[in-house]
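Inside the fold
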Amino acid sequence: MNQSRRIFSVLATVTLGAALTLALGGCSRGKDDKRIVLGFSQIGAESEWRTANTQSIKSAAATMGIDLRFSDAQQKQENQIKALRSFIAQKVDVIAFSPVVETGWDTVLQEAHAAKIPVILTDRSVTSSPDLYVGFIGSDFVEEGRKAGRWALQHFKDGTDDVNIVEIQGTVGAGPAIDRKKGFEEIIATNPRFKIIRSQSGEFTRSKGKEVMEAFLKAETRKINLLFAHNDDMAIGAIQAIEEAGLKPGHDIAIVSIDGVKGAFEAMIAGKLNATIECNPLLGPQLMTSVTEVMAGKPIPKRIVVDEQVFPMETAKQNIQSRKY
Ligand code: AHR
């Protein structure tokens, strides 16, 4: 082999090796490494909540000595499906994921089932058969919507006028968007004064929340009494839009949102957000416990629901210090 052919051959081998390592998630594992391997597909980093959730999963895996293969899908279902297939190819011990939307998972879940890899859902669920996953750990999103609805009924209880509500929904097709809407509507349906006059998706992000609120304010000729945002980030974006329109958020337009992140507590202390309904992102320790139980051959509950509270603005100051996210 002449000199230039030899260099080409070495380069080709190195490049192929690097490509294979990347395809396998950059993992290299000594043969004496007995740790449980968990493949986790995260939705993305769309909100303060999601950042706290990722942090919780990574630190719980490190604490419990679990070899975590973490993949960020950047809000795309196709990326999550690719990640799940890559975990199957890597023969990980357990797969966990937070599905961006509820539908479209049957085929890949069947593939995991055929490969005998147990799957645990965290945060959000799917419409596939429950036989295709071993458990689901997360909040009761319908109940969160109900809590927001109950807060709204209570807040406007003394008036007799109609309460015009605008709603900024989460990602279209996502469990929390579908369920929070359902729970909220169930409660406000008990009082005919409460009407949702506009509703649109803000994709769970601050920038979209602002954009949608700007559009509502521009298009709406009726007075808007209440904003119900499916998460705090969208409410915080909407607060900016309301201020830029020369109105006082939390006063001219009451606002209730969901998550209970630090940013929401700051907005409540500033008098700009009226209430936040907690949605707990700290699912890492429970997930790692379930993973170790599954690996020990123990059954885990099909549904693990997280306990959550309501925080009105009056309690924000006393609670902000103890918030963990
Ligand atoms: O699935 C949980 C939701 O997703 C949170 O409410 C939201 O902030 C996140 O992006």
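What you are looking at is a predicted structure, and each value in this text was computed from that prediction instead of being measured.

Details of the site of the ligand
What surrounds the ligand is the set E46, S47, W49, R50, D123, R124, F141, P176, R180, F204, N231 and D259. R124 has a polar side-chain atom sitting 2.8 Å from an oxygen atom of the ligand. Within the side chain of N231, one N or O atom sits 2.9 Å away from an oxygen atom of the ligand. For the ligand, whose accessible area on its own is 280 Å², the fraction buried by protein is 100%. Only helix 2 (48-63) and helix 6 (175-188) provide two or more residues apiece to the shell around the ligand.

Observations concerning the sheet that holds strand 3 (residues 94-97)
What the six strands build is an open sheet, ordered 2-1-3-4-5-11; its pairing is parallel. With one partner strand each, in any of the chains shown, strand 2 (67-72) and strand 11 (303-305) form the two edges of the open sheet. The mean angle between the axes of side-by-side strands here comes to 15°, regardless of whether they run parallel or antiparallel. As paired elements, strand 5 (residues 135-138) and strand 11 share three bridges and run parallel to each other. Looking at strand 11, one finds that F136 is bridged to R303.

Here's the deal with the nonpolar core
Grouped burial of nonpolar side chains is what soluble globular proteins tend to show. Membership of the largest hydrophobic core comes to 51 residues, with the highest contact counts inside it found for M213, L226 and L227. With residues up to four places along the chain from it excluded, the contact list for L226 reads W151, A152, F156, V163, N164, I165, V166, F184, I253, A254, I255 and V256.

Remarks on helix 7 (residues 206-219)
Its 14 residues place the ends of helix 7 20 Å apart at the C-alpha level, agreeing with the 20 Å of an ideal helix rising 1.5 Å per residue. Where helix 7 is concerned, the buried positions are G209, K210, V212, M213, F216 and L217. Residues of helix 7 that are buried in the fold lie against strand 6 (163-169), strand 7 (194-201), strand 8 (226-229) and helix 8 (232-244).

Side note on the pairing of strand 8
Judged by which residues are buried, strand 8 turns out to be covered on both faces: L226 and F228 on one side and L227 and A229 on the other are all buried. Of the strand pairs in this sheet, strand 6 and strand 8 are connected by four bridges, and their pairing is parallel. Residue pairing for strand 8: I168 is matched across the bridge by A229. Sheet analysis places strand 8 next to strand 9 (residues 254-259), joined by four bridges and oriented parallel. Residue pairing in the sheet places A229 in a bridge with S257 of strand 9. This β-α-β element, strand 8 to helix 8 to strand 9, shows right-handed connectivity.

A look at the sheet that holds strand 9
In spatial order, the strands read 7-6-8-9-10-12; together these six strands make up an open sheet with mixed pairing. The outermost strands of the open sheet, each flanked by one partner alone, are strand 7 and strand 12 (310-312). Adjacent strand axes in the sheet meet at a mean angle of 20°, parallel and antiparallel pairs treated alike. Helix-sheet contacts for helix 6 involve strand 6, strand 7, strand 8 and strand 9, and the interaxial angle to strand 7 is about 170°.

Considering the pattern of salt bridges
Following the criterion strictly, the structure yields 25 salt bridges and no others. Notably, a salt bridge pairs D67 with R35, separated by 3.8 Å at the nearest N-O pair. With D67 in strand 2 and R35 in the loop between helix 1 (3-23) and strand 1 (37-42), this residue pair connects regions lying 32 residues apart in the sequence. A relative accessible area of 11% means that D67 is categorised as buried. With a closest N to O distance of 3.0 Å, E143 and R150 form a salt bridge. Taken together, the shared-partner salt bridges in this structure form one network comprising D33, R35, D67 and R69.

Conventions and cut-offs
Residues numbered from 1 in each chain as written. Predicted model: local features only at pLDDT ≥ 70, side-chain atom pairs only at ≥ 80, totals over all residues. Heavy atoms only, no water. Near = heavy atom within 4 Å. Polar contact = N/O pair within 3.5 Å; in protein donor to acceptor, adjacent residues only side chain to side chain. Areas by Shrake-Rupley, 256 points an atom, 1.4 Å probe, with all protein chains shown as cover. Helix = DSSP H or I, 4+ residues; strand = E, 2+ residues; numbered from the N terminus. Pairing = 2+ DSSP bridges. Axes fitted to C-alpha atoms, helices over the stretch in contact; angles between N-to-C directions. Core = buried A, V, L, I, M, F, W, Y, C linked by side-chain atoms within 4.5 Å. Buried < 20%, exposed > 50% of the residue type's maximum accessible area, 1.4 Å probe, protein only. Contact = heavy atoms within 4.5 Å. Expected span 1.5 Å × (residues − 1). Right-handed = clockwise from strand over helix to strand, strands pointing away. Salt bridge = Lys/Arg side-chain N within 4 Å of Asp/Glu carboxyl O.

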